[in-house]
Amino acid sequence: MMSFSIFKLIGKTPLPKLSCIASTKFCNSFSNSTVPETLWNLGKLNHVAIATPDLKASTILYRDILKAEVSEPLDLPEHGVTTVFVNLGNTKLELLYPLGVKSPIQNFLDKNKNGGLHHICIEVDNIDEAVKSIKAKKIRCLSENTKIGAHGKPVMFLHPKDCAGVLVEIEQA
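None of the values given here were measured: they were computed from a predicted structure.

Chemist: So, a nonpolar patch on the surface: which residues are in play, and what are the values?
Modeler: Together, I60, L61, I65 and L66 line one region of the surface with nonpolar side chains, adding up to about 350 Å² of accessible area. Tracing the sequence through the fold places L66 in the loop between α2 (55-65) and β4 (69-70). Residue L66 is classed as exposed on the basis of its relative accessible area, which comes to 52%.

This is the structure we're talking about:
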């Protein structure tokens, strides 16, 4: 018979030794593993969003001058934006243009006439747990619940005053 330790979910404190009647491979898989300290993790940078006062000119810049792969415009009325994605291989740029009278992008452009960096988007592997944890740490979210973003996945925006002056979007990976 082999013995192995199982760790408590919180703190990785070993419990008393237990007997294992199963195969050595099965027992070793428990003895070599640890319980994660968090229920979610940050992933890769998904995109950098740029607000633009002229979506057509910005699309021409990235597609025709810089020779990037550029998507067709996509209207997202629930977010008040029209988006165009610029594929850079290792990440994307998201060009944002106002859609509708209550567009948050129009508010941004009213303060920044030439446009500019609007937000960054970072993937998370469990957005529900991430939002719960972030709220518990007193980071303000810009909405009560996640919304479906431009990639068809749940997203949440975090207040820039709580994120080193940067509007951060987290997106389900």
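After presenting the structure, the write-up continues.
Chemist: So what about the state of the cysteines? Which residues, and what values?
Modeler: Two cysteines, two sulfur atoms, one covalent bond between them: this is a disulfide. Counted under the stated rule, the structure contains zero disulfides. Not part of a disulfide, C141 finds its nearest cysteine sulfur in C163, a span of 8.6 Å.

Chemist: Any chance you could break down the confidence of the model for the protein chain for me, citing the residues and the numbers?
Modeler: Averaged over the protein chain, the pLDDT score is 85; the fraction of residues at 70 or greater is 79%. Of the regions scoring below 50 in pLDDT, residues 1-32 engages in 39 contacts with residues more than four places distant in sequence or in other chains.

Chemist: Kindly report on α2, identifying the contributing residues and their values.
Modeler: Turning to α2, its buried residues number three or more, namely L55, S58, T59 and Y62. Along the axis of α2, the buried positions cluster into a sector of 100°, meaning they face one direction only. Across α2 from its buried face, at more than 90 degrees, point the exposed residues K56 and I65. Where α2 is buried, its residues meet β3 (42-51), β4, β6 (81-87) and β7 (92-98). In the segment just after α2, K67 is the residue with positive phi, at about 65°.

Chemist: Give me the lowdown on the pattern of salt bridges, citing residues and values where you can.
Modeler: Within this structure, the stated rule accounts for four salt bridges. In this structure, R63 and D64 form a salt bridge, with 2.8 Å as the shortest nitrogen-oxygen distance. Classification of R63 by relative accessible area gives partly exposed; the value is 38%. On the basis of relative accessibility, which here comes to 37%, the residue D64 falls in the partly exposed class. Residue E144 pairs with K135 through a salt bridge whose shortest N-O separation is 3.7 Å. Its relative accessible area of 31% is what places K135 among the partly exposed residues.

Cut-offs applied
Residues numbered from 1 in each chain as written. Predicted model: local features only at pLDDT ≥ 70, side-chain atom pairs only at ≥ 80, totals over all residues. Heavy atoms only, no water. Patch = residues over 30% accessible without salt bridge, like charges linked within 9 Å, V, L, I, M, F, W, Y side chains within 5 Å. Areas by Shrake-Rupley, 256 points an atom, 1.4 Å probe, with all protein chains shown as cover. Salt bridge = Lys/Arg side-chain N within 4 Å of Asp/Glu carboxyl O. Helix = DSSP H or I, 4+ residues; strand = E, 2+ residues; numbered from the N terminus. Buried < 20%, exposed > 50% of the residue type's maximum accessible area, 1.4 Å probe, protein only. Disulfide = S-S within 2.5 Å. pLDDT = per-residue confidence, 0-100. Contact = heavy atoms within 4.5 Å. Arc of directions from axis to C-beta.

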